[in-house]
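Coordinate analysis (summary)
As a plain string of letters, each chain reads:
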Amino acid sequence: MYDAPHKDKDVTQNDIKISARDVQVFYGDTQAIKDVDVEIDDKTVTAFIGPSGCGKSTFLRCLNRMNDTIDICRIEGKISIDGEDIYDPSIDPVQLRAKVGMVFQKPNPFPKSIYENVAYGPKIHGMARNKAELDEIVENALKRAALWNEAKDRLDSPGTGLSGGQQQRLCIARAVATEPEVLLMDEPCSALDPIATAQVEELIDELRQTYSVVIVTHSMQQAARVSQKTAFFHLGNLVEFGDTEQIFTNPKDERTESYITGRIG
Amino acid sequence: MTLAPFVILLFAAFVGYAINLRAAQAIRADGVRLHSLESFHGLFSLLMVIVPVLTLVLIWLAVEGAVIDALLMASLPAGVLDGLGSGAIQLIGAEIRSIAGGRVFGTPDDWKLEAAERLIGYRQASSWLLIVVVTGVSAGIVYFARGRVASGFRARQRVERITLGLMIFCAVVAIFTTVGIVAALTYETFRFFQMVPVTEFLFGLNWEPQIPIREDQIAAEGAFGAVPVFLGTIVIATVALVVAVPVGLMTAIYLNEFAPHAFRKTVKPVLEILAGVPTVVYGFFAILVVAPALRQFGASVGLDVSGNTALAAGGVMGIMLIPFISSFADDALSAVPQSLRDGALALGATRGEMMLNVLFPAAIPGIVGGVLLAVSRAIGETMIVVMAAGLMARMTINPLDSVTAVTVQIVTLLIGDTAFDNPKTLAAFALGMMLFIATLVINIFALRIVRKYREIYD
Ligand SMILES: Nc1ncnc2c1ncn2[C@@H]1O[C@H](COP(=O)(O)OP(=O)(O)OP(=O)(O)O)[C@@H](O)[C@H]1O
Ligand SMILES: [Mg+2]
């Protein structure tokens with residue numbers, strides 16, 4: 001059940017990157033998230049686990065204000081990144097999303113070439129001054145997403161022509177290319193085979209050097225393998241949050257224990 | 001009287017239904033398991049009556065007139081038709097028919113009055129005969145259908161087979177009608193090209209479809225060069241698209257992505273109403289509002305604008321096409337999955353960038369398909385151009401000039417007394433054929449693009 005997290009790069013005390021206070025999320029009249037308080041560290045992988053429909057995706061989408069696109073969604077409470085309230089009117093959600101990247105559950109490459117997919121973010125944010133710089137950014141992003149070897153000879157072919165796992169890595173490369181400070185991943189491996197999953201997990205571990213990564217997953221093993229911190233959600237509540245090792249070996253709440261041992265979910 | 005066979009037929013069908021239903025119910029009441037539900041046995045009888053007998057009645061009514069006419073002509077006293085042309089014989093037939101209908105003009109010959117009497121007699125006989133035949137055949141079929149009711153009879157499948165046959169019949173009727181129309185068009189076009197060389201029609205720069213009315217009349221030989229006519233259509237269609245495509249696309253983009261929900265909910269139906277406005281109303285709009293306004297504006301800047309401009313006709317046609325294009329583009333944009341929008345937004349794109357760089361390219365095949373369909377509507381549109389465009393064919397691409405369109409020429413060529421044996425009227429078919437080919441090619445193209453695009457996202 002429990003695999004040891006990467007002990008060599010063990011949990012060190014990091015700066016707080018994201019802090020959420022008293023967050024409530026409503027879809028119309030139904031409340032999807034209740035009183036969530038959480039602090040997400042920099043240069044750390046934080047896993048969100050919990051049964052389906054408990055609000056993991058909803059909370060994740062609050063962190064880059066993707067919920068703004070849903071008309072009926074309403075958010076209360078305070079979420080700050082680097083001490084800045086991201087729901088403050090002075091914050092531009094577009095800038096925020098450049099800083100907080102996101103990878104979705106289902107691969108969603110644009111119907112453009114592989115190159116254009118990866119170059120899209122850098123282009124709209126003006127990150128490259130010339131073609132050579134852009135080429136370099138694309139190459140680096142694809143390398144980090146472990147897709148370079150497979151894609152380097154077909155950069156001009158459509159991204160939608162890749163296999164599901166390759167598409168997901170392309171989406172990761174696309175997110176990485178804009179050099180976000182936080183990367184949100186909503187079940188990034190649910191469409192992947194074990195080999196691609198292992199590659200993505202390796203990537204996540206590497207991204208931890210520079211980013212703060214939040215990953216939603218339904219796989220306990222994956223949470224245990226890649227994360228240093230784990231948050232367990234249940235029915236919209238954050239039931240327990242702590243070091244991954246502690247959550248998996250010695251959960252304080254009996255709901256957490258029931259869930260990770262497979263009794264609820 | 002003509003109604004009677006239909007009433008009998010329907011009555012027989014319902015009686016057959018009831019009888020079979022009862023019979024099947026009786027079998028079931030005996031504790032035997034039926035293969036098909038009772039109602040299918042009933043329906044079997046119903047359809048067995050309606051389909052063949054209705055066909056019979058319709059055929060009867062279709063050929064009745066011709067048969068009676070032939071009988072009537074054959075029964076006329078020997079000698080009265082001698083030496084008359086086919087036109088005169090037809091006139092006599094018509095006169096007898098109107099006497100039979102009670103409209104007597106002057107004092108007709110006795111033999112005509114007698115013939116009218118006979119005609120009434122034939123008609124009555126035919127009606128009675130039809131009623132007898134319908135009753136007999138229906139009764140026979142009801143009896144036959146009743147005989148089929150049995151526990152093992154697969155009425156369910158039979159009913160489905162008959163219904164299937166009906167559907168195939170309807171589809172075939174539609175297809176054959178189209179084929180027939182195309183065949184007629186092709187035939188007349190072929191006749192036209194026997195009188196006027198194909199090359200003159202396709203490449204001639206002069207369109208003056210006049211022909212001498214009398215043999216000895218000295219008039220210019222008609223000129224049938226269709227280029228200026230097609231040029232007119234192209235100018236008008238271009239103006240229409242220049243108006244409709246940008247406005248339609250902008251509307252679609254706004255409604256699809258930026259408009260508040262409530263606004264979208266009210267504007268979409270309004271656009272659909274706009275699409276339902278009869279084109280003749282747009283024609284009024286063009287001649288009563290747009291054309292005078294253009295003239296006035298032209299005068300104020302010192303331009304001489306003619307009364308019937310391509311700009312007025314094309315502009316109004318463009319307004320007509322806006323809802324068409326916007327609804328196509330809206331569908332295409334809506335079909336782009338939400339995940340692509342999320343993907344672009346999550347990278348820090350603004351809504352505008354997302355629309356321009358991601359949604360629009362993804363939707364482009366659908367949009368192109370819609371635009372192409374709009375093109376074929378524009379070149380086939382008749383009423384607006386008949387009302388608002390000119391009649392004279394000119395070699396010009398100036399939208400402020402008066403130009404004519406293919407459809408306008410077809411209408412004018414066929415208006416008034418026409419005989420289908422001269423190049424003037426036959427030219428209409430050649431124009432129609434060209435128009436048909438053009439729209440066909442564009443539509444095939446458009447549908448292929450639309451279909452290809454559908455394959456990507458589901
Ligand atoms: N767009 C929406 N409109 C209305 N209700 C929503 C919407 N999205 C989510 N919800 C509701 O909010 C609750 C939490 O959904 P959420 O997608 O966050 O769950 P989740 O934990 O991500 O589940 P899963 O593991 O299945 O992805 C659910 O009850 C869901 O029905
Ligand atoms: Mg989810």
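As the structure is a computational prediction, the values presented were derived from the model and not from experiment.

1. So, the overall build of chain A
Within chain A, the regular secondary structure consists of ten helices and ten strands. Dimensions along the principal axes, computed over C-alpha positions, put chain A at roughly 55 × 45 × 35 Å. Considering chain A as a whole, with its 265 residues, one finds that 55% of them fall into the buried category. Taking the contacts inside chain A whose residues are at least 6 apart along the sequence as the reference set, 66% of them involve residues at least 24 apart. Looking at chain A as shown, the accessible area adds up to about 11400 Å², and 46% of this sits on carbon and sulfur atoms. In chain A, the 30 positive side-chain charges and the 42 negative ones have mean positions that sit 3 Å from each other.

2. Let's talk about the UniProt feature "transmembrane region" (unreviewed entry) in chain B
Residues and elements named next belong to chain B. The sites that UniProt annotates as "transmembrane region" (unreviewed entry) are residues 42-63, 128-146, 166-187, 223-253, 273-294, 306-329, 358-379 and 426-447. Taken end to end, residues 128-146 is 100% helix and 0% strand, and its first and last C-alpha atoms sit 27 Å apart. With 91% helix and 0% strand, residues 273-294 has its two end C-alpha atoms placed 27 Å apart.

3. So, the packing of aromatic side chains
Residue and element names in this part refer to chain B. Considering all chains together, one arrives at 13 aromatic pairs over all chains under this definition. Ring geometry for Phe-193 and Phe-201: centres 5.5 Å apart, planes at 70°, overall edge-to-face. The class for Phe-193 is partly exposed, based on a relative accessible area of 24%. Note on Trp-207 and Phe-224: the rings are 5.9 Å apart at their centroids and 85° apart in plane angle, and the pair reads as edge-to-face. Residue Trp-207 is located in strand S1 (residues 207-208), and its partner Phe-224 is located in strand S2 (residues 223-224); the two are separated by 17 residues in the primary sequence.

4. So, the domain arrangement of chain B
In terms of domains, chain B is made up of domain 1 (3-166) and domain 2 (223-457). Between the C-alpha centres of domain 1 of chain B and domain 2 of chain B there is a distance of 48 Å.

5. Some words on the nonpolar core
Membership of the largest hydrophobic core comes to 87 residues, with the highest contact counts inside it found for Phe-48, Phe-59 and Phe-233 of chain A together with Ile-236 of chain B. Broken down by element, this core gets its largest block of residues, 15 residues, from helix H12 (residues 351-380) of chain B. Not counting the four nearest positions on each side in its chain, Phe-59 of chain A is found in contact with Ala-20, Val-23, Ile-33, Val-36, Val-38, Phe-48 and Phe-233 of chain A. Tyr-115, Ile-172, Leu-183 and Val-239 of chain A belong to the second-largest nonpolar core, a separate cluster that totals 47 residues.

6. Structural notes on the pairing of strand S3 (residues 45-49) of chain A
Residues and elements named next belong to chain A. With five of five residues buried, S3 lies mostly within the body of the structure. A two-sided burial pattern is seen for S3, the buried positions comprising Val-45, Ala-47 and Ile-49 on one face and Thr-46 and Phe-48 on the other. Strand direction decides the pairing type here: S3 and strand S9 (residues 229-234), joined by four bridges, are parallel. Each residue of the ladder has a partner; that of Thr-46, found in S9, is Lys-229.

7. Digging into helix H2 (residues 38-75) of chain B
Note that an α-helix has 3.6 residues per turn; residues three or four places apart therefore point the same way. With 38 residues, H2 of chain B extends 54 Å between its outermost C-alpha atoms, agreeing within 8% with the 56 Å of an ideal straight helix rising 1.5 Å per residue. Largest kink in H2 of chain B: about 40°, centred on Val-63 of chain B.

8. Comments concerning the site of ligand 1
Residues and elements named next belong to chain A. The environment of ligand 1 is formed by 13 residues, the closest being Ser-52, Lys-56, Ser-57, Thr-58 and His-218. Between Tyr-27 and ligand 1, the recorded distance is 3.4 Å, taken from a side-chain N or O atom to a nitrogen atom. Take Lys-56: an N or O atom from its side chain is 2.7 Å from an oxygen atom of ligand 1. The protein chains hide 61% of the 630 Å² of surface that ligand 1 would expose on its own. Split by residue class, the shell around ligand 1 holds five nonpolar, six polar and two charged.

9. Describing the environment of Gln-222 of chain A
Residue and element names in this part refer to chain A. Among the secondary structure elements, Gln-222 is positioned in helix H8 (residues 220-226). With a relative accessible area of 4%, Gln-222 lands in the buried category. In this structure, the C-alpha to C-alpha distance between Gln-222 and Ser-190, residues 32 residues apart in sequence, is 11 Å. Dropping the residues within four chain positions of it, Gln-222 is found in contact with Cys-189, Thr-197, Glu-201, Ile-215, Thr-217 and Ser-227.

10. Notes on the UniProt feature "domain: ABC transporter" (unreviewed entry) in chain A
Here, UniProt's "domain: ABC transporter" (unreviewed entry) annotation points to residues 18-260 of chain A. A helix fraction of 38% and a strand fraction of 27% characterise residues 18-260 of chain A, whose end C-alpha atoms lie 25 Å from each other.

11. Observations regarding the environment of Thr-309 of chain B
Residues and elements named next belong to chain B. Structurally, Thr-309 can be placed in the loop between helix H9 (279-300) and helix H10 (310-334). In this structure the C-alpha to C-alpha distance between Thr-309 and Pro-399, which are 90 residues apart in sequence, comes to 6.4 Å. Those residues in contact with Thr-309 that lie beyond four places of it in its chain are Leu-294, Ala-388, Pro-399, Leu-400 and Asp-401. At 3.0 Å, the side chain of Thr-309 and the backbone nitrogen of Ala-312 are in polar contact.

12. As for the packing of helix H3 (residues 86-100) of chain B against helix H4 (residues 110-148) of chain B
Residue and element names in this part refer to chain B. Put simply, H3 and H4 touch, their axes get as near as 8 Å, and they point 70° apart. The orientation of H3 relative to H4 falls into the category roughly perpendicular. Two packed elements cross with a definite hand, and for H3 against H4 that hand is right-handed. Residues Ile-92, Glu-95, Ile-96, Arg-97, Ile-99 and Ala-100 of H3 touch H4, and the partners they reach there are Trp-111, Lys-112, Leu-113, Ala-115, Ala-116, Leu-119, Ile-120 and Arg-123. Residues of the contact of H3 with H4, tallied by class, amount to ten nonpolar, no polar and four charged.

13. Focus on the interface of chain A and chain B
Counting residues at the interface gives 23 residues for chain A, matched by 17 residues for chain B. Around 1600 Å² of area is buried between chain A and chain B when both sides are counted, 65% of it from carbon and sulfur atoms. Among the residues chain A hides against chain B, the three largest losses belong to Phe-110, Pro-111 and Tyr-120 of chain A. Together they make up 28% of the total. At the junction of chain A with chain B, the criterion picks out one salt bridge. The tally of links from chain A across to chain B stands at five residue pairs in polar contact (both at pLDDT 80 or more). Put simply, the parts of the chain that give the side of chain A that touches chain B at least two residues each are helix H2 (93-99), strand S6 (100-103), helix H3 (114-124) and helix H6 (164-177) of chain A. Here the side of chain A that touches chain B is composed, by residue class, of twelve nonpolar, seven polar and four charged.

Cut-offs applied
Residue numbers run consecutively from 1 along every chain, following the written order of its sequence. Just so you know, chain letters begin at A and ligand numbers begin at 1, following the order they were written in. Per-residue local features of the predicted model are confined to residues with pLDDT of at least 70, and side-chain atom pairs are confined, for both listing and counting, to 80 or more; whole-chain, interface and lining totals are unaffected and use all residues. Computation of side-chain values: all heavy atoms of the structure, hydrogens and water removed. Put simply, DSSP H or I for four residues or longer makes a helix, DSSP E for two residues or longer makes a strand, and each gets a number counted from the N terminus. The buried label applies to any residue whose accessible area, calculated with a 1.4 Å probe on protein chains only, is under 20% of its type's maximum; exposed applies above 50%, and partly exposed to all values in between. In this analysis, two residues are considered to be in contact whenever any of their non-hydrogen atoms come within 4.5 Å of each other. To be clear on the numbers: accessible area is Shrake-Rupley with a 1.4 Å probe, and residue cover counts the displayed protein chains and nothing else. The charged-residue count follows a simple rule in which Lys and Arg add positive charge and Asp and Glu add negative charge, with His and chain termini not counted at all. We put the charge of a Lys on NZ, of an Arg on CZ, of an Asp on CG and of a Glu on CD. UniProt positions are given in the numbering used here, feature names are shortened, and annotations may be inferred rather than shown by experiment. Stacked, tilted and edge-to-face are the three classes applied to pairs of Phe, Tyr and Trp rings, where Trp contributes its six-membered ring and a pair requires centres within 6.5 Å; stacked means planes under 30 degrees apart, edge-to-face means over 60, and tilted covers the rest. Note: domain ranges come from an automatic or database domain assignment. Only buried residues count toward a nonpolar core. Its members are Ala, Val, Leu, Ile, Met, Phe, Trp, Tyr and Cys residues joined through side-chain atoms within 4.5 Å. A strand pair is defined by DSSP finding two or more bridges across the two strands. What a helix is expected to span follows from its residue count: subtract one and scale by 1.5 Å. A residue's bend is simply the angle between two axes: one fitted to the seven residues ending at it, one to the seven starting at it. We call a residue near a molecule or strand as soon as one heavy atom of that residue lies within 4 Å of the molecule or strand. Under the rule applied, a polar contact is a pair of N or O atoms within 3.5 Å (in protein, one hydrogen donor and one hydrogen acceptor; residues adjacent in sequence only if both atoms are side-chain atoms). Charged means Asp, Glu, Lys or Arg here, nonpolar means Ala, Val, Leu, Ile, Met, Phe, Trp, Tyr, Cys or Pro, and polar covers whatever is left, Gly included. To obtain each axis, a line is fitted to C-alpha atoms, and for helices this fit is confined to the stretch in contact; angles are then taken between N-to-C directions over 0 to 180 degrees. Roughly parallel here means an angle under 35 degrees, roughly antiparallel means over 145, roughly perpendicular means 65 to 115, and every remaining angle is called oblique. Note on convention: near helix rotated counterclockwise from far helix by under a right angle means a left-handed crossing. Clockwise means right-handed. We define buried area as the total accessible area lost by two parts upon association, computed with a 1.4 Å probe and summed across both. The term salt bridge refers to a side-chain nitrogen of Lys or Arg lying within 4 Å of a carboxyl oxygen of Asp or Glu.

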